[in-house]
Each structure stands twice: as C-alpha cells, then as structure tokens.
Amino acid sequence: MATKWILDPTHSELTFKVKHMMISNVKGSFRTFTAEIEAEDEFFTNAKTTATIQTDSVFTNNTDRDNHLKSAEFFNAEAHPTITFESQALNNAIVGNLTINGVTKPVTLDVDFGGINVDPWGNTKAGFSFEGKISRKDFGLNWNAALEAGGVMVSDDVKIAGELQFVKQA
C-alpha cells in the first residue's frame, strides 16, 4: 500500500536563475506551489510525484520584471495559471513531464535524498534537493532582445532548483 507524503511549504523553496545580458545571473522563485509523493517504501523507489506551481506567484524582487514574466511574452499566467510536473520514478534522478505555458516536455532533474526524520511534534518528514536545467524555448518562452555588443538579453537555459520537505500522511 502506498504512503502519501505532502509538501511542507514553510520548509520548501523552488528557485530558478537565468543569464541576463550574458554577464550575470538573475534569480527568482515561485512563492506558491504544492507537491505530493506516493511511495511504496521509505526509499521512495518508483515513487509517483506530482507538483503544481502557480505561475502568478513568480518573484524576482522586481515588480516590473515579475509582471513581464506573468505576461503573454513569458508564462502567460492568465491563460496558463499553473506549471505542472508529474513523474513515475524517484531515485538519484527524477524523470517526468513538465508543463509550462501549455507545452509538455520530458525533463530529468538530479535529486539528492536528504533522509527521513521526526520533528519535535511527532511528524515524520522527508527531505529532497533537486536541480536541473531546461530550455525555456522548448516551452514557448521565446521573448528576447538582441544586445548592441552581441548576444541576447535572456539566455535560453534556465537552471531550476528546489529544497523540498514532505510530511508523511497517516
């Protein structure tokens, strides 16, 4: 029988960074997301994972940039209010289907299982870190601007990472 694990949002984060003007990285995060894991064992072998991210929760510490990312030139948050991820196996890597802007593509993310522990209130928790890279153009996020000195305003590659803590359900 599978055990359900639900994301603990107060101890989890989902971040991204992208090269800006070919000279430095701009970082951002999504502030509102949920995830759950269904696992047959506490090693999470062949665990089923689902996650839903609210696109309008994107945060880069710049209101104008956040609004641009929510616009039709990027995430089109009005037409596509969520980003989703689904996988059927969780090991040292997780392979699943990522849907952004209505486009679904397979992605592989490196995963580090931090282990399982019980908090002071008796909740059993599991921790995971993940990272990977996606091409934003694969998901129809094509906006860019050419730079006078060469190159482009925003790189195609987006590095994504997460620190996730899950609570075991009774």
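Each remark here, short or long, concerns the structure printed above.
Residues numbered from 1 in each chain as written. Predicted model: local features only at pLDDT ≥ 70, side-chain atom pairs only at ≥ 80, totals over all residues. Heavy atoms only, no water.

Novice: Explanation requested: the overall build of the chain in the structure shown.
Specialist: Scanning the chain from N- to C-terminus turns up one helix and 11 strands. Of the regular secondary structure in the chain, the N- to C-terminal order runs β-β-β-β-β-β-α-β-β-β-β-β. Over its C-alpha trace the chain gives a radius of gyration of 17 Å, about what one expects of a compact globule, namely 15 Å for 170 residues. Its C-alpha atoms put the chain at 55 × 30 × 30 Å along the principal axes. Contacts spanning at least 24 positions in sequence make up 58% of the contacts within the chain whose residues lie at least 6 apart. Surface exposure of the chain reaches about 9,800 Å², of which carbon and sulfur atoms provide 50%. One finds the centroid of the 15 positive side-chain charges in the chain at a distance of 4 Å from the centroid of its 22 negative side-chain charges. (Helix = DSSP H or I, 4+ residues; strand = E, 2+ residues; numbered from the N terminus. Rg over C-alpha atoms; globule rule 2.2 N^0.38 Å. Contact = heavy atoms within 4.5 Å. Areas by Shrake-Rupley, 256 points an atom, 1.4 Å probe, with all protein chains shown as cover. Lys, Arg positive; Asp, Glu negative; His and termini not counted. Charge placed at Lys NZ, Arg CZ, Asp CG, Glu CD.)

Novice: Explain the nonpolar core here, please?
Specialist: A general tendency of soluble globular proteins is for nonpolar side chains to be buried together. If you look at the biggest cluster of nonpolar residues, it comprises 38 residues, and the most contacted ones within it are Ile37 and Phe44. Look past the residues within four positions of Phe44 in its chain and what remains in contact with it is Trp5, Ile37, Ala39, Leu90, Phe113, Ile116, Ala126 and Phe128. (Core = buried A, V, L, I, M, F, W, Y, C linked by side-chain atoms within 4.5 Å. Buried < 20%, exposed > 50% of the residue type's maximum accessible area, 1.4 Å probe, protein only.)

Novice: Quick question: what am I supposed to make of the side chain of Ser57 here?
Specialist: Examined against the element boundaries, Ser57 turns out to sit in the loop between strand E5 (48-54) and strand E6 (58-59). In this structure the side chain of Ser57 is engaged in a polar contact, spanning 2.7 Å, whose partner is the backbone oxygen of Gln54. (Polar contact = N/O pair within 3.5 Å; in protein donor to acceptor, adjacent residues only side chain to side chain.)

Novice: Would you mind showing me how to read the pattern of salt bridges here?
Specialist: When charged atoms on two side chains of opposite charge get close, those side chains can pair. Within this structure, the stated rule accounts for five salt bridges. A salt bridge links Lys168 to Glu42; its shortest N-O distance comes to 2.8 Å. Placement of Lys168 in strand E11 (residues 154-168) and of Glu42 in the loop between strand E4 (33-39) and E5 is noted, with a sequence separation of 126 residues between them. When its relative accessible area of 32% is taken as the criterion, Lys168 is described as partly exposed. Across the pair Lys125 and Asp119 runs a salt bridge whose closest N-O atoms are separated by 3.8 Å. We classify Lys125 as buried; its relative accessible area is 12%. The class of Asp119 is buried, set by a relative accessible area of 16%. Here the salt bridges do not stand alone but share partners, grouping Asp8, Asp119 and Lys125 into one network. (Salt bridge = Lys/Arg side-chain N within 4 Å of Asp/Glu carboxyl O.)

Novice: Would you mind showing me how to read the environment of Leu7 here?
Specialist: For Leu7, the position within the fold is in strand E1 (residues 3-7). Along the primary structure Leu7 and Val167 are separated by 160 residues, whereas in three dimensions their C-alpha atoms are 6.3 Å apart.

Novice: What is the right way to look at the packing of aromatic side chains in this model?
Specialist: For any pair of aromatic rings, geometry is given as the distance between the ring centres together with the angle between the planes. One pass over the structure, following the stated rule, counts seven aromatic pairs. Consider the rings of Trp5 and Phe44, whose centres lie 5.2 Å apart with planes at 55 degrees: the pair is tilted. Placement of Trp5 in strand E1 and of Phe44 in the loop between E4 and E5 is noted, with a sequence separation of 39 residues between them. Phe44 carries the same exposure label as Trp5, and that label is buried. In textbook terms, an aromatic cluster arises when at least three aromatic residues are bridged by ring pairs, as seen for Trp5, Phe44, Phe113, Phe128 and Phe166. The ring of Phe59 has Arg31 lying over it, and the distance from NZ or CZ to the ring centre is 3.6 Å. (Phe/Tyr/Trp six-rings, centres within 6.5 Å; stacked < 30°, edge-to-face > 60°. Lys NZ or Arg CZ within 6 Å of the ring centre and 35° of its normal.)

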